[in-house]
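# Chain and residue survey
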Amino acid sequence: MSEPVLEIRDLRKSFGALKATDGVSLELRPGQIHALIGPNGAGKSTLIHQIAGSLKADSGTIRFRGRDIGGLDMAARARLGLARSFQISSLAQEFSALRNVMLAVQARQGSSFRFFRQVTHDKALIEPAMAMLERVELAARAHVPAAELSHGERRQLEIAIALALSPRAFLFDEPMAGMGPEGSKRLTSFLDGLRHEAPMLLVEHDMDAVFALADRVSVLVYGRIIASGTVDEIRSDPDVRRAYLGETA
Amino acid sequence: MSRETAVNLLLALLLLGAPLMAAGMGEPFYVTLATRVVVLALAAVGLNLALGLGGLLSFGHAAFFGLGGYVAGILATHAFNAEPLFADIPGTTSMPLIWITAVAVAGLVALPIGAISLRTSGVYFIMITLAFAQMIYYFAISWPAYGGEDGLSLSMRNAFPGVNTAKPLPYFLICYAALMAMLVLFHRVEGSRFGSALQAARQNGTRLAAVGIAPFNIRLVAFAVSAMITGFAGALYADLNRFVGPSMLSWHMSGELIVLIILGGKGRLFGPVAGAMIFVFFEYVLGGITERWQFFLGLILLGIVLFARGGLLGLLSGKPRHV
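Residues numbered from 1 in each chain as written. Chains lettered and ligands numbered in written order. Predicted model: local features only at pLDDT ≥ 70, side-chain atom pairs only at ≥ 80, totals over all residues.

The secondary structure content of chain B amounts to 13 helices and four strands. Relative to the globule expectation of 20 Å for 323 residues, the C-alpha radius of gyration of chain B, 19 Å, shows essentially globular dimensions. If one aligns the C-alpha atoms of chain B with their principal axes, the spans along those axes are about 55 × 50 × 40 Å. Going through the 323 residues of chain B one by one, you find that 53% of them count as buried. (Helix = DSSP H or I, 4+ residues; strand = E, 2+ residues; numbered from the N terminus. Rg over C-alpha atoms; globule rule 2.2 N^0.38 Å. Buried ≥ 20, exposed ≤ 12 C-beta atoms within 10 Å, placed from the backbone.)

It is worth spelling out the overall build of chain A at this point. Looking only at helices and strands, chain A features nine helices and 10 strands. Its C-alpha atoms give chain A a radius of gyration of 18 Å, near enough to 18 Å, the size a compact globule of 249 residues would have. For chain A, the spread of C-alpha atoms along the principal axes amounts to about 60 × 40 × 40 Å. Taking the contacts inside chain A whose residues are at least 6 apart along the sequence as the reference set, 67% of them involve residues at least 24 apart. (Contact = placed C-beta atoms within 7 Å.)

This part takes up unusual backbone geometry. A positive phi angle, close to 50°, is found at Glu-174 of chain A, a residue other than glycine. Along the polypeptide, Glu-174 of chain A turns up in the loop between β7 (169-173) and α6 (181-194). Residue Glu-174 of chain A is classed as buried on the basis of its C-beta count, with 20 C-beta atoms lying within 10 Å. Residues other than glycine seldom take positive phi values, yet Ala-82 of chain B does so here, at roughly 55°. For Ala-82 of chain B, a count of 8 C-beta atoms within 10 Å translates into the label exposed.

Residues and elements named next belong to chain A. In spatial order, the strands read β2-β1-β4-β5; together these four strands make up an open sheet with antiparallel pairing. A single partner strand is all that each edge strand has here, and the edge strands are β2 (18-28) and β5 (67-68). Across the sheet, helix α1 (residues 44-52) lies against β1 (6-15), β2 and β4 (59-64), angled at about 60° from β2, the strand it touches most. (Pairing = 2+ DSSP bridges. Axes fitted to C-alpha atoms, helices over the stretch in contact; angles between N-to-C directions.)

Attention shifts here to the pairing of β7 of chain A. Residues and elements named next belong to chain A. Most of β7 is tucked away, with five of its five residues classed as buried. Across four bridges, the pairing between strand β6 (residues 82-85) and β7 is parallel. Considered in β7, the bridge of Ser-85 is made with Phe-172. Pairing analysis gives four bridges linking β7 to strand β8 (residues 200-203), with the strands arranged parallel. Bridge pairing links Phe-172 to Leu-202 in β8.

Time to look at the sheet that holds β8 of chain A. All names here are of chain A. Spatially, the six strands line up as an open sheet ordered β6-β7-β8-β3-β9-β10, and their pairing is mixed. Taken across any chain shown, the strands that pair with only one partner, and hence form the sheet edges, are β6 and β10 (224-229). Across the sheet, the mean angle from the axis of one strand to that of its neighbour is 15°, orientation sign disregarded. Where helix α5 (residues 151-164) meets the sheet, it contacts β6 and β7, and its direction lies at approximately 175° from that of β6.

We now examine the domain arrangement of chain A. For chain A, the assigned domains read domain 1 (6-81 + 167-248) and domain 2 (93-153). A straight line from the C-alpha centre of domain 1 of chain A to that of domain 2 of chain A covers 27 Å. (Domains from an automatic or database assignment.)

A separate point is helix α9 (residues 215-241) of chain B. Compared with an ideal rise of 1.5 Å per residue, which puts 27 residues at 39 Å, α9 of chain B spans 39 Å between its outermost C-alpha atoms and is within 8% of the ideal. With 23 of 27 residues buried, α9 of chain B lies mostly within the body of the structure. (Expected span 1.5 Å × (residues − 1).)

Residue and element names in this part refer to chain B. Mapping Val-38 onto the fold places it in helix α2 (residues 28-53). By the C-beta count within 10 Å, which is 29 here, Val-38 ends up buried. When the C-alpha atoms of Val-38 and Met-180 are compared, they prove to be 9.5 Å apart, with 142 residues separating the residues in sequence. Leaving out residues up to four positions away in the same chain, Val-38 has contacts with Leu-15, Phe-172, Cys-175, Tyr-176 and Leu-179.

It is worth spelling out the interface of chain B and chain A at this point. Taken together, the contacts link 23 residues of chain B with 31 residues of chain A. Taken together, the elements giving at least two residues each to the side of chain B that touches chain A come down to α6 (168-191), α7 (193-203), α8 (205-210) and α9 of chain B. The greatest single-element share of the side of chain B that touches chain A, amounting to six residues, is contributed by α7 of chain B. Considering only residue class, the side of chain B that touches chain A consists of 12 nonpolar, eight polar and three charged. (Nonpolar A, V, L, I, M, F, W, Y, C, P; charged D, E, K, R; others polar.)

The next thing to look at is the packing of helix α4 (residues 95-117) of chain B against helix α5 (residues 122-141) of chain B. Helix-helix packing is described using two parameters, namely the angle between the two axes and the distance between the axes. All names here are of chain B. In the contact formed by α4 and α5, the axes pass within 10 Å of each other and the chain directions differ by 150°. As summarised for this structure, α4 and α5 are arranged roughly antiparallel, according to the angle between their axes. Seen along the crossing, α4 lies across α5 with a hand that is right-handed. Across the interface between the two elements, Ile-113, Ile-116 and Ser-117 of α4 pack against Phe-125, Ile-128, Thr-129 and Phe-132 of α5. Here the contact of α4 with α5 is built from residues that sort into five nonpolar, two polar and no charged. (Parallel < 35°, antiparallel > 145°, perpendicular 65-115°, else oblique. Left-handed = near helix turned anticlockwise from the far one by under 90°.)

All names here are of chain A. Taking 1.5 Å of rise per residue, 13 residues should cover 18 Å, and helix α4 (residues 123-135) covers 18 Å from first to last C-alpha, within 8% of that figure. Of the positions making up α4, those classed as buried are Leu-125, Ala-129, Met-132 and Leu-133. Around the axis of α4, the buried residues are gathered within 100° of arc, so they sit on the same side. Every exposed residue of α4 that faces more than 90 degrees away from the buried side is listed here: Lys-123 and Glu-127. Immediately downstream of α4, the backbone of Glu-137 shows phi near 60°, a positive value. (Arc of directions from axis to C-beta.)

See below:
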């Protein structure tokens, strides 16, 4: 079996008396989509924040591409190849969709300290950014400010930005949230193809999507992983049924 | 040509034409008044880079304005008295040399101030930048070698190769050229990769970090460049008045620069120019009628903040900045 791209060991994070992350360990291997499911308040987003670097873990290690990234800030982790999408879309609102993606392209090229050349004529930024918008079927809305995009379009834009980083791993926090059934279905088949570009840690509530996509599923309840396995193993796990699936299935 | 471009061009021509006419009619006072507009606008162009593009509300830019002024004053005083500055380095009355020094000093002082201030945000950032500027202000007051509270008078305006700077119109033209050059620079930076990152840092710092660009580094460079432009303006201001004093460093000055930008239009290329025109106009016209002219300026500022967030340029050209 190949080495994990992302390896989390015994991660802990408390907010006062609340243990939001309580000894979580998990691995993400090449070619995998690893889904993280759990009821609201289980600590899924808190975990994503710690991996991405927007929250600092109290203890435990996060290894990414063979190195400990616990001491790095969010920007440094992104430069190593961790691309995230946000549970609530987080975009440069005044910029057009295209310029939001161009920002990611410029970050990947490592060239933000250029002061004179105008980005509006910079083919090295525009062409790759446009290609990413085409992949997520947002090219027609390239010049619309992010603030004026619909909810679903913003979700697509977040994914285009993540793609533009040519990442080594995706961290997607509820990419389907608030999308209609049609949109969810299209996004599911799109994400399905992404696993070969980079493995994905996927937090998602949409169980159809999770069961269709995931190679592995981990179930998080009150900050602990109570079960981890293939889709079939998780479906038949009595603890999981009691703690979580029982409520919905 | 967009409507804003047309308005900008009109303002640029007005600012050039009015003093040319005044000089033609033998009214040098109005040429000096226009030079005051130009130099204040230039100082605000510097602040506009940090405040308008980067969203960094520095309440300490008077520090850089004053430092630029003191560089001009100190270098000229040493040259005039034929005393070396230190060791064998002499003073100078050459404007280009003074400008380079003023810009370098402003940038070098801005780096540590920015590095500390930018660890905070919001009201703390405002207060820390203010605190640094006040430290420099009190330092200048308590340093008798360069005039202390009384400031430094320049016995004559510094020299620019091939120009008689003592006359109002040639000096106006030097300042005007400097303003135009810095506006071009501002415009280029705004549209550049750096400018994109800086504006993204204002709109959503988390988003910028998530693509791998550390907002802190971008903001720090912007803060330093912003201070350098304001420092340049300070050197010109000292030569305009042939005087530099602690008032250039005081928090009133920082506040005035912010007011100029808000009057004219925050983040807009010609916002500082429009703001300086309104400001000096009211200072002169209302100031001639009543000593309380700032009360009326306050009313106008209130109106703009409540009803016209885009400032004068927003009123004239209407459309939003980013499309």
